Amino acid sequence: MKTCKQCGFQNEDNRTMCYNCGSTNFVAQQPTSNTSGRETEDTVVPPRQPEREHSHTTGKRREQSRSNTSRTAGKVEWWPELPDKVKTGSMVALALVGAVIVAYIIFWQIPDSLTTVKKVDNLMVYTPHYSHVEFVVESEPSPDNDSIIFCAAASLTGEKSEEFKHNNIAGNHVSDGMFYNGYKSPYNTGVFTLADGEWTFGMASDADSLLLVAARKDGIGFMHDLLIYNGAVNSYRTKNSRPLECRALCDLDGKLRVIDSAEPMLMGDYVNALLKIGVKNAICMQMNEAGGKDPWNHSWYRTTDRPDPIFIQDKQQRYGTNWLTFYK
């Protein structure tokens, strides 16, 4: 018998490779002797059978038997002994699943309309999915301009005049990054500004500073009655004595939305309805008395499936001075 230097396994003399580890490095085994010192000729040592998985003497796996188990750096591969075709097919399947997930995120999460319209209780919620917003003055944007997805009058107008003047708009304002002085209105309790994609609702006392910041950033801004500020009712001035076709620019769920009353409502009921659905901030836009013959709330929007403008109020006020306009 001869002993393997690598693992200590006892091999027959005629073996050139260790049964256990495959090594060819042996130490010659001395013959077994009896008490007289003579070699025992009638002692037969049966040949050892090769180990199936582990050597009883060392506890180590045979290197050749584990060549297909793909143990690398002490870690077993997560799909051992699979044919290359199966592995390739699995990777293709995983790639397809990933593509479906990406498609869902990109396509299904993008609104299917330029302006989403939803009735919530007694409110109509308009959500324009815009690229930018402008505070347009002097000339009303044309409904034929298909880049406009929502348009409505914003600040109050003082006099019915054929001649446009910035000081005929209630409150100071910013249009195309320019600051303008408007007339002082007792209804202007707050301000709204938008610049660099970030909007701000603020109190009238902070209006000029916020408007100047918006102007420096080439943004927009206007003043009107601040109905809700930071989730609480503000001291608004709009009369609560007669039903109105109410409208406000709102911060709801982190999105800019224009919210109308579905039917004419008292201002107090309208504000409570806004609070009920979770509006955080709300500033008035042009409203109209119920059944009024001289509407100031001319407005329209667009959806993907209807290329023509959809009018909320189709009667146009010839003396309007300013409009909040959302572009796709």
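Since this is a predicted model, take the numbers as computed values, not measurements.

Some remarks on the overall build of the protein chain
Next, step 1: On a plain count of helices and strands, the protein chain comes out with three helices and 24 strands.
Next, step 2: For the protein chain, the residues scored as buried account for 39% of the 328 residues in total.
Next, step 3: The contacts of the protein chain with a sequence gap of at least 6 include a subset with a gap of at least 24, amounting to 61%.
Next, step 4: Per element, the accessible surface of the protein chain, about 19100 Å² overall, is 50% carbon and sulfur.

Some details on helix α3 (residues 267-276)
Next, step 1: Burial in α3 covers these residues: M267, G268, Y270, V271, A273 and L274.
Next, step 2: Just beyond α3, the residue with positive phi is G278, at close to 100°.

Here's the deal with the sheet that holds strand β22 (residues 299-303)
Next, step 1: In space, the five strands of this open sheet follow the order β8-β24-β9-β22-β23, with antiparallel pairing throughout. Of all strands in the sheet, those with a lone pairing partner are β8 (132-137) and β23 (306-313), marking the two edges. When the angles between neighbouring strand axes are averaged without regard to direction, this sheet yields 20°.
Next, step 2: Relative to strand β24 (residues 322-327), strand β9 (residues 148-153) runs antiparallel, the two being bridged by five bridges. Paired with F150 across the strands is F326, a residue of β24.

Re the pattern of salt bridges
Next, step 1: If you walk through the whole model with that rule in mind, you get three salt bridges.
Next, step 2: The residue D121 makes a salt bridge to K276 at a minimum N-O spacing of 3.9 Å. Residue D121 is found in the loop between β6 (115-120) and β7 (123-128), and its partner K276 is found in helix α3; the two are separated by 155 residues along the sequence.
Next, step 3: According to the relative accessible area criterion, D121 is partly exposed, its value standing at 48%.
Next, step 4: Classification of K276 by relative accessible area gives exposed; the value is 65%.
Next, step 5: The shortest N-O distance in the salt bridge between D260 and R247 comes to 2.8 Å. Here the residue D260 occupies a position in strand β19 (residues 255-261), and R247 occupies one in strand β18 (residues 247-252), the gap between them amounting to 13 residues.
Next, step 6: Relative accessible area serves as the criterion here: at 6%, D260 is assigned to the buried category.

Section: the pairing of β23
Next, step 1: Across four bridges, β22 lies against β23 in antiparallel orientation. Its bridge partner being in β23, S299 is matched across the sheet by Q313.
Next, step 2: Counting the residues that bridge the hairpin from β22 to β23 gives two residues.

What to know about the sheet that holds β18
Across a sheet, strands are paired by hydrogen bonds formed along the backbone, either parallel or antiparallel in direction.
Next, step 1: Across the sheet, seven strands lie side by side as β6-β7-β19-β18-β20-β15-β16; this open sheet has antiparallel pairing. With partners counted over all chains shown, the strands left at the sheet margins are β6 and β16 (232-233), one partner each.

Remarks on the nonpolar core
Next, step 1: Among the nonpolar cores identified, the biggest contains 25 residues, and F192, F222, L249, L324 and F326 are the most heavily contacted of them.
Next, step 2: Contributions of two or more residues to this core are made by β8, β9, β12 (190-195), β14 (220-224), β19 and β24.
Next, step 3: What L324 contacts, discounting residues up to four positions off in sequence, is V133, E134, F150, C151, A152, A154, I220, F222, L249 and M285.
Next, step 4: L123, L227, I259 and M265 belong to the second largest nonpolar core, which has 20 residues in total.

A closer look at the side chain of T115
Next, step 1: Mapped onto the fold, T115 is located in strand β6.
Next, step 2: Side-chain polar atoms of T115 contact the backbone oxygen of I149, separated by 2.8 Å.
Next, step 3: Discounting chain neighbours no more than four positions away, the residues touching T115 are Y126, T127, P128, H129, I149, F150, Y301, R302 and T303.

Overview of the environment of K160
Next, step 1: Tracing the sequence through the fold places K160 in the loop between β9 and β10 (173-175).
Next, step 2: Residue classification places K160 among the exposed positions, given a relative accessible area of 51%.
Next, step 3: For the pair formed by K160 and T321, sequence separation is 161 residues and the distance between their alpha carbons is 9.5 Å.

Focus on helix α2 (residues 207-216)
Next, step 1: For α2, the full list of buried residues reads A207, L211, A214 and A215. An end-on view of α2 places all buried positions within 100° of arc, on one side of the element.
Next, step 2: Lining the buried residues of α2 we find β10, β11 (178-180), β12, β13 (198-203) and β14.
Next, step 3: D218, located one to two residues past α2, shows a positive phi value of around 60°.

Cut-offs applied
- Residues numbered from 1 in each chain as written.
- Predicted model: local features only at pLDDT ≥ 70, side-chain atom pairs only at ≥ 80, totals over all residues.
- Heavy atoms only, no water.
- Helix = DSSP H or I, 4+ residues; strand = E, 2+ residues; numbered from the N terminus.
- Buried < 20%, exposed > 50% of the residue type's maximum accessible area, 1.4 Å probe, protein only.
- Contact = heavy atoms within 4.5 Å.
- Areas by Shrake-Rupley, 256 points an atom, 1.4 Å probe, with all protein chains shown as cover.
- Pairing = 2+ DSSP bridges.
- Axes fitted to C-alpha atoms, helices over the stretch in contact; angles between N-to-C directions.
- Salt bridge = Lys/Arg side-chain N within 4 Å of Asp/Glu carboxyl O.
- Core = buried A, V, L, I, M, F, W, Y, C linked by side-chain atoms within 4.5 Å.
- Polar contact = N/O pair within 3.5 Å; in protein donor to acceptor, adjacent residues only side chain to side chain.
- Arc of directions from axis to C-beta.

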